[in-house]
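Architecture at a glance
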Protein chains: 4
Amino acid sequence: MKPLQPLDEEKVFKDPVHNYIHVQDRLIWTLINTPEFQRLRRIRQLGTSYLTFHGAEHSRFSHSLGVYEITRRIISQFERSGYEDWPSEERMVALCAALLHDLGHGPFSHSIEEAFEMNHEEWTCRILLEDTEIHRVLEEVESGFSEKVAAVIRKDYEKAVVVNLVSSPLDADRMDYLLRDAYFTGVNYGTIDMDRIIRVLRPHNGRVVVKESGMHAIEDYLMSRYQMYWQVYFHPVTRSSDIVLRHIFQRAKELFNSGYNFTFLPHPLPALFRNELNVKEYLLLDEALVQTTFMQWTLEKDEILADVCTRFMERRLYKYVETELIDLDMIDQIRHEFEAAGLHPQYDLEIDFPTDLPYDVFRPGDPKKEKQILLLDRQNKVQEISEVSDIVRSISGIHRGRYHLYFPQEKLERVKHKLSPHVADIFEDKLGPAQMEFEI
Amino acid sequence: MKPLQPLDEEKVFKDPVHNYIHVQDRLIWTLINTPEFQRLRRIRQLGTSYLTFHGAEHSRFSHSLGVYEITRRIISQFERSGYEDWPSEERMVALCAALLHDLGHGPFSHSIEEAFEMNHEEWTCRILLEDTEIHRVLEEVESGFSEKVAAVIRKDYEKAVVVNLVSSPLDADRMDYLLRDAYFTGVNYGTIDMDRIIRVLRPHNGRVVVKESGMHAIEDYLMSRYQMYWQVYFHPVTRSSDIVLRHIFQRAKELFNSGYNFTFLPHPLPALFRNELNVKEYLLLDEALVQTTFMQWTLEKDEILADVCTRFMERRLYKYVETELIDLDMIDQIRHEFEAAGLHPQYDLEIDFPTDLPYDVFRPGDPKKEKQILLLDRQNKVQEISEVSDIVRSISGIHRGRYHLYFPQEKLERVKHKLSPHVADIFEDKLGPAQMEFEI
Amino acid sequence: MKPLQPLDEEKVFKDPVHNYIHVQDRLIWTLINTPEFQRLRRIRQLGTSYLTFHGAEHSRFSHSLGVYEITRRIISQFERSGYEDWPSEERMVALCAALLHDLGHGPFSHSIEEAFEMNHEEWTCRILLEDTEIHRVLEEVESGFSEKVAAVIRKDYEKAVVVNLVSSPLDADRMDYLLRDAYFTGVNYGTIDMDRIIRVLRPHNGRVVVKESGMHAIEDYLMSRYQMYWQVYFHPVTRSSDIVLRHIFQRAKELFNSGYNFTFLPHPLPALFRNELNVKEYLLLDEALVQTTFMQWTLEKDEILADVCTRFMERRLYKYVETELIDLDMIDQIRHEFEAAGLHPQYDLEIDFPTDLPYDVFRPGDPKKEKQILLLDRQNKVQEISEVSDIVRSISGIHRGRYHLYFPQEKLERVKHKLSPHVADIFEDKLGPAQMEFEI
Amino acid sequence: MKPLQPLDEEKVFKDPVHNYIHVQDRLIWTLINTPEFQRLRRIRQLGTSYLTFHGAEHSRFSHSLGVYEITRRIISQFERSGYEDWPSEERMVALCAALLHDLGHGPFSHSIEEAFEMNHEEWTCRILLEDTEIHRVLEEVESGFSEKVAAVIRKDYEKAVVVNLVSSPLDADRMDYLLRDAYFTGVNYGTIDMDRIIRVLRPHNGRVVVKESGMHAIEDYLMSRYQMYWQVYFHPVTRSSDIVLRHIFQRAKELFNSGYNFTFLPHPLPALFRNELNVKEYLLLDEALVQTTFMQWTLEKDEILADVCTRFMERRLYKYVETELIDLDMIDQIRHEFEAAGLHPQYDLEIDFPTDLPYDVFRPGDPKKEKQILLLDRQNKVQEISEVSDIVRSISGIHRGRYHLYFPQEKLERVKHKLSPHVADIFEDKLGPAQMEFEI
């Protein structure tokens, strides 16, 4: 096999978002067929969002193909236009990095990373560089090729424009997930004019910038992103699922560390709990394994673990109330009263502040240059978009922060009379049906 | 809880196919939130089709909501139009049967049913009637209510029009899966004019018939179905996945029966192998469990089991050739030569004839009355559609049957020189890249 | 005929935006079939926008059916929900007002109104109240019914909630045109979640207000509107067409008033020029007549009239430059230099400031109560949306105003050397191809 | 101007069907901006269909851009794939022929051609070859270039593959109109997988053939076409409009020939009636002129002309009944009885047989080679599609022919009692509301 040869015949994947994913290179085809890449079929793109939006069952496999396809279209546009700032010999490095950038995601990625202090980017690089099928395929291109791809993902590749193409506020990753998440959830906020955006991108001085006349399309893209964050990614029901999930991981770790004897703990979970996973073991982790484990744990004798697992598997999530302002003293008091009333001070109350979430909303004017969107005018001058666009400036200042308190409603109901009137009021006031409606 | 009360406020689910699923009845809301119904989130609607169409990761949970919603709209149309042949007191029985009709599906339903001689309809009825949360909720409506719903599903409910509404060649089930499967695979063959079809349905003498002026919409629906069958449901790559899957179940059963010592065999798989599952155990079966088991079995010491599991998890499926005519003698000879060449006569060759598949394409003129589509003319006479529509008559006679031989290509390549020229030719002739291209 | 009877059978129109328009009432069916309503087929919904977006050839006929359909769905939701603040006996008045609200639009409505100081709302009322087929049909319902409909359109009907339903910042008119204009132009900025919006509307104290939980859908609606304004309705190419059009009307009026002998001036144009149109004559005005007249005028001997007519018919529009700030003195100077250089000081230069346009962008906090969008919380308190939504507050302050100077490029090119350097620079600086590109 | 130079920067048109129309060549841009091409904005793509499907107001201008764009994409795919049978020097001839193929269409094309024995293809060639702006632009490419384009349109260009690309059962013209007509009418029968079809086309021996593996996509395309013919193009309401239209032309011609003194007969209608139009005059004909004329003729003193014009402008069309079999004698008798009863034997009755219509449904097995769709297998052999596809064979034999009798219902009602029972029955039997419902 000579991996850089084109395929005898272009192959396609039917894709609901991009219609067809086109594969012209034998290398890309071979990478898609590795076990490490196929594993992404068993990791959902949106984690627990399917518990809020039942259509959101799509996988990182689909998303990764989409990111590859958009990157392919952008590069193809660069080549057709003959832009000099695009180093054409970097095409394959860029395509591989686009395709493989999510390789290291674990099951329910954000929650598991938080619980076990892992980082999916590091794992992506380990899978690229250690003893895997992917590694072997990449090294057949040329010795050191896998390191090039890893460098792009670590953002320290020497050709800055490749890094910027693969990772920037306007990259193929973000474009694909907006379109794909909108498609599968069924919300229409993520509709962006991708064709137009691709047409106005252009490589310039080690950056991918935007031709000035495309500003409106970018404004529209940022507004779509804004809407998707607040209406899908930060949806309180999804947050509630994430909290239940984190409680499961937290409780299981506590139990494991205290020598608890699990009735079900398949390979490689012990290594996960000991923080000693090697690459082979890491690749065994997927959402099928995690869900199967949770399902078996619904029968564990530890009541807390069984409870949170049952909640997750049967979608009996925590309810929530919104509150304007709450200080640390008040939180202490609530936890204290909860405990006194027989509730668990940690597992029965979680305080969440949406803007602490690990998502990156676009912040115009970010001093980090790689987080800026730059416009290129006819005189070849670049300007950061928020200097030019009122709408971008406007939406950037908005903070919607309100605290959300999550709790198991039926437990709270049982002991509410034991709480002080002030604390009870925080919860009770809002217990009307409309507030509690988990409407989407 | 009074289950027949309406909700204080209508609730909705955001759905990519129907935009919103509307829930107005407390009973429906409660049923959706039972563990038995939530389990359907872990059963894919299209089984292994996601290995062919990567978007097809949608669950039977989504589909069941969709079937409920279409049924709700049809009944609402019946009520608005004041049709006398619709027994309005049956609304809730019909809605429950629509929502719950797929409750008994197991993981990779068609394959597991074949391997273990199970029947999802029977399981649906057991879940409705035995000791489950669903059963309790239904019985709260009135004693015997669960039996009514089961009767509709078994097609022996006394009100024939309810049975026909829930199960007929034009039912909500088929309408939802055409639209939903088209949406998630990304193919556009399944687009039907559902609003129009709903408008022309009408209850009549214990049947749901079609107002004559809607004939074109029905023709279009049947053509869409025809296309979806050949291009999605019978896709050879999906067939290949199904065969690998069946080989796994078959091999595992053989091993279990011969007393093989599995390194991983979680509850309730032993009971499954012994054909002794009770309802509680059956409900533990889902695709997460099956996939996790297969993943662990990739490391089993039985080579055949490990091989087929690895093929499934890494999507290294069997290739296939198409052949016009092949008789039993020839099949015997092939198996014989395979064995002589060191291949396995069963696991390394599978012969498939598409029209044997367990799907039900519409056959106009079917003598079974419940499989007919009837048109109602202005004089209130009914006619079977194929008597009126040339196009329906035309597509009905079509058989595309060609035998497909499935086999592990890389193994065959190694021993091809040992086969007789005639047998080798059957496989070799078509081993060109275009034939083998797993293009979609 | 008894106009208030329902039809024997519901009738439908196939509509690309709403799928089907449902007509259940004989009165609505009869109104649609009047000559006055059919005339709306010959008035484009978006005036000259088809010269910018070639798909935008849809008529006010389509739009009016759409507004009717949305209103029908809103009222049907009110009735299903049994809201007490909705006076159900007003259904037919509201539907008629919705269907007929655009009846008085003339050809290229905004431009012709400006040129001849007409008002389409007044004409709508005259068509409802004077001797027309529509008037007769309405009066058959009951004597004085046409006056009721006219009162709704004039916004002085006694039932305030009916007026508010038909005309408010969230009315069916705006919803239909956003969706329809987005569909026919092909831009995707106008996609709004209409089903959701309809679900959260509710009559309350003489107003149609929004249930608080629907705030995000309204934010999205307002952002869509914002985008449509800037990218479609205020598109500079459309502005250029409007200016050419106004120049035609202006020149023709000048000529008519000076006794010029037109070679083509069909009935009822003389009456239009004399401002003496009666209703019968007004109804003869449509865009076919106007375009035919312009086509014939391309051969008129008056050079200015022939020139602007040819420009319009052959789409050879004025080019434009954008300029930050310009004062009256500067404008005087430009006109002066133009004249000295042999250009026409009026017909060869037009100064346009987008926010002067006769469109009504939503202005939150507008003191006029009927221009407010009100949210209704669970305690039945109403709040103006900008008090609650940061995003609404943010986009409302934005002014994109820059002056646009429109001019015939090829004429200017010929005499540019005669202009002072400063004035020439205003035009020349921007004459590069990118600026002049009439890209959409 | 050097017309074959590329543009400095690609220009785009926003198109609802293809998203963007891309223009890279200065020649194409210049052609689009000629008055002859801009005239196509005033000719509807679907003639009178807007009276049935109110969204179908799209013009031949839009369609022509679409045909150009699809052709551009096909050629671009040919060039990318490096197919040797494609003569790359013919790109511009092919693009011009695709863009300009509908140039000669008159207002309400099919009806006017029938009434005045004109042929739009001939007029297209005259506009290309005589003294027009288009002609001048084409000749600037090279002397004789306009003749090349005309030859492609006449189908006698020496490079057969160019002719076949522009005109065949699978050409860009048909693909665009299926998609576009489906989009604007709102019916979903025309959805085809254009991307897939383009991918499987390939030039071969002077033909554009289809790679065998694309057969299903072609089947789907032909089924879509079949549905569009019967449900849109042959819709009886559209037929009714066409008949009224033909009656107008017919009556006006009769009157003109008999020396009738029209109160309104603008240039160039006299030349049209005398069959003496030159190219300049022909180009003045558009649907605005025709509609304006009809509107003025609603006031003509000739009652028949005034009646049919009023019918057309106010959409008071003829009703129709369907009848199985009717022979010439019976038709004579009906006309005779009509006349005796005071109806007009020609203008008050029209007999229509749908398959006589001037549309070309695909007929597989057509001996004319250019009407065949050919499949190319892996051995480079071609086969006509109906030899391979059962479904294509099936739908091809279908004739839905029933006679439709069109007549002015209200007139007939008045005299029905004067008709013989047998004749009255033909009409009366079907006068129930459902039959007469002009439902779409």
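Every value quoted in this text rests on a predicted model; they were computed, and no experiment measured them.

Side note on the overall build of chain A
- From N to C terminus, chain A includes 23 helices and nine strands.
- Computed over the C-alpha atoms, the radius of gyration of chain A is 24 Å, within 12% of the 22 Å expected from 2.2 N^0.38 for a compact globule of 440 residues.
- Principal-axis analysis of the C-alpha atoms places the extent of chain A at approximately 75 × 50 × 35 Å.
- Across the 440 residues of chain A, 50% fall into the buried class.
- A separation threshold of at least 6 residues defines the contact pool for chain A, and within that pool the share at least 24 residues apart is 67%.

With respect to the sheet that holds strand S7 (residues 374-376) of chain D
Residue and element names in this part refer to chain D.
- The strand order across the open sheet formed by four strands is S3-S4-S7-S8, and the pairing between neighbours is mixed. The open sheet has two free edges, formed respectively by strand S3 (201-204) and strand S8 (382-384), since each of these has just one partner strand. Mean inter-strand twist for the sheet, computed between neighbouring axes without regard to direction, equals 45°.
- Of the pairings in the sheet, the one linking S3 to strand S4 (residues 207-211) comprises four bridges and is antiparallel in character. Across the sheet, the residue bridging to His204 is Arg207, located in S4.

A look at the relation of the copies chain C and chain D
- When chain C is brought onto chain D, the operation consists of a screw motion whose angular component is 180° and whose axial shift is 0.0 Å, with 0.0 Å RMSD remaining. What we have between these two chains is a two-fold relation. Of the C-alpha atoms belonging to chain C, the one lying closest to the rotation axis is found on C:Ala288, 2.1 Å away.

Here we look at the interface of chain C and chain D
- In this complex, chain C contributes 44 residues to the contact, which on the side of chain D involves 44 residues.
- Only strand S1 (6-15), helix H2 (35-38), helix H3 (60-81), helix H10 (172-185), helix H16 (287-297) and helix H23 (433-436) of chain C provide two or more residues apiece to the side of chain C that touches chain D.
- Counting residues per element, the side of chain C that touches chain D draws most heavily on S1(C), which supplies seven residues.
- In terms of residue class, the side of chain C that touches chain D is made up of 20 nonpolar, 12 polar and 12 charged.

Points about the UniProt feature "domain: HD" (unreviewed entry) in chain A
- This chain's UniProt record puts "domain: HD" (unreviewed entry) on residues 60-178 of chain A.
- Within the segment residues 60-178 of chain A, helix and strand shares are 70% and 0% respectively, and the terminal C-alpha atoms sit 13 Å apart.

Overview of helix H4 (residues 91-100) of chain C
- Burial runs high along H4(C): eight of the 10 residues are buried.
- Every buried residue of H4(C) is listed here: C:Val93, C:Ala94, C:Leu95, C:Cys96, C:Ala97, C:Ala98, C:Leu99 and C:Leu100.

Some remarks on helix H7 (residues 133-141) of chain D
- Residues D:Ile134, D:His135, D:Val137 and D:Leu138 constitute the buried set of H7(D). Mapping the buried residues of H7(D) onto a view down its axis gives an arc of 165°, with all of them on the same face.

Remarks on the nonpolar core
- With 503 residues, the main nonpolar core has A:Val149, B:Val149, C:Val149 and D:Val149 as its most contacted residues.
- Dropping the residues within four chain positions of it, D:Val149 is found in contact with D:Val93, D:Cys96, D:Ala97, D:Leu100, D:Leu128 and D:Leu138.

Some points on the relation of the copies chain B and chain A
- You can overlay chain B on chain A at an RMSD of 0.0 Å; the transform is a turn of 180° with a shift of 0.0 Å along its axis.
- Counting the interface residues of chain B, we find that 98% of their copies in chain A are interface residues as well, pointing to one common contact surface.

Quick look at the sheet that holds strand S6 (residues 350-352) of chain C
Residue and element names in this part refer to chain C.
- In spatial order, the strands read S5-S9-S6; together these three strands make up an open sheet with antiparallel pairing. Each end of this open sheet is capped by a strand with a single partner; those strands are strand S5 (319-323) and S6. For this sheet, the mean angle separating the axes of adjacent strands, direction not counted, is 25°.
- Note that S5 and strand S9 (residues 403-407) share five bridges and pair antiparallel. Looking at the pairing, Thr323 lines up with Tyr403 of S9.
- Docked against the sheet, helix H13 (residues 236-257) engages S5, S6 and S9, running at close to 55° with respect to S9.

Here's the deal with the environment of D:Ser49
All names here are of chain D.
- Tracing the sequence through the fold places Ser49 in the loop between helix H2 (35-38) and helix H3 (60-81).
- According to the C-beta neighbour criterion, Ser49 is buried, with 24 such atoms within 10 Å.
- For the pair Ser49 and His422, spaced 373 residues apart in sequence, the C-alpha separation works out to 33 Å.
- For Ser49, the residues in contact, after removing those within four places along its chain, are Ala56, Val232 and Thr238.

Section: the interface of chain B and chain A
- Listed as interface residues are 44 residues of chain B and, on the opposing side, 43 residues of chain A.
- Broken down by secondary-structure element, the contributors of at least two residues to the side of chain B that touches chain A are strand S1 (6-15), helix H2 (35-38), helix H3 (60-81), helix H10 (172-185), helix H16 (287-297) and helix H23 (433-436) of chain B.
- Here the element with the most residues in the side of chain B that touches chain A is S1(B); it accounts for seven residues.
- Within the side of chain B that touches chain A, the residues separate by chemical class into 20 nonpolar, 12 polar and 12 charged.

Re the pairing of S1(B)
Residues and elements named next belong to chain B.
- Bridging between S1 and strand S2 (residues 19-25) involves six bridges; their strand directions are antiparallel. Across the sheet, the residue bridging to Lys11 is Val23, located in S2.
- Taken together, S1 and the strand that follows it, S2, pair antiparallel across an intervening segment of three residues.

Looking at unusual backbone geometry
- At the junction of A:His267 and A:Pro268, the peptide bond is cis and its omega measures out at 5° in the coordinates.
- Tracing the sequence through the fold places A:Pro268 in the loop between helix H13 (236-257) and helix H14 (269-273).
- Unlike most non-glycine residues, B:Asn275 shows phi in positive territory, near 60°.
- With 10 C-beta atoms counted inside 10 Å, the residue B:Asn275 sits in the exposed group.

Rules used in this analysis
- Residues numbered from 1 in each chain as written.
- Chains lettered and ligands numbered in written order.
- Predicted model: local features only at pLDDT ≥ 70, side-chain atom pairs only at ≥ 80, totals over all residues.
- Helix = DSSP H or I, 4+ residues; strand = E, 2+ residues; numbered from the N terminus.
- Rg over C-alpha atoms; globule rule 2.2 N^0.38 Å.
- Buried ≥ 20, exposed ≤ 12 C-beta atoms within 10 Å, placed from the backbone.
- Contact = placed C-beta atoms within 7 Å.
- Pairing = 2+ DSSP bridges.
- Axes fitted to C-alpha atoms, helices over the stretch in contact; angles between N-to-C directions.
- Least-squares fit on C-alpha atoms with pLDDT ≥ 70 in both.
- Nonpolar A, V, L, I, M, F, W, Y, C, P; charged D, E, K, R; others polar.
- UniProt positions renumbered as here; feature names shortened; annotations may be inferred.
- Arc of directions from axis to C-beta.
- Core = buried A, V, L, I, M, F, W, Y, C linked by C-beta atoms within 7 Å.

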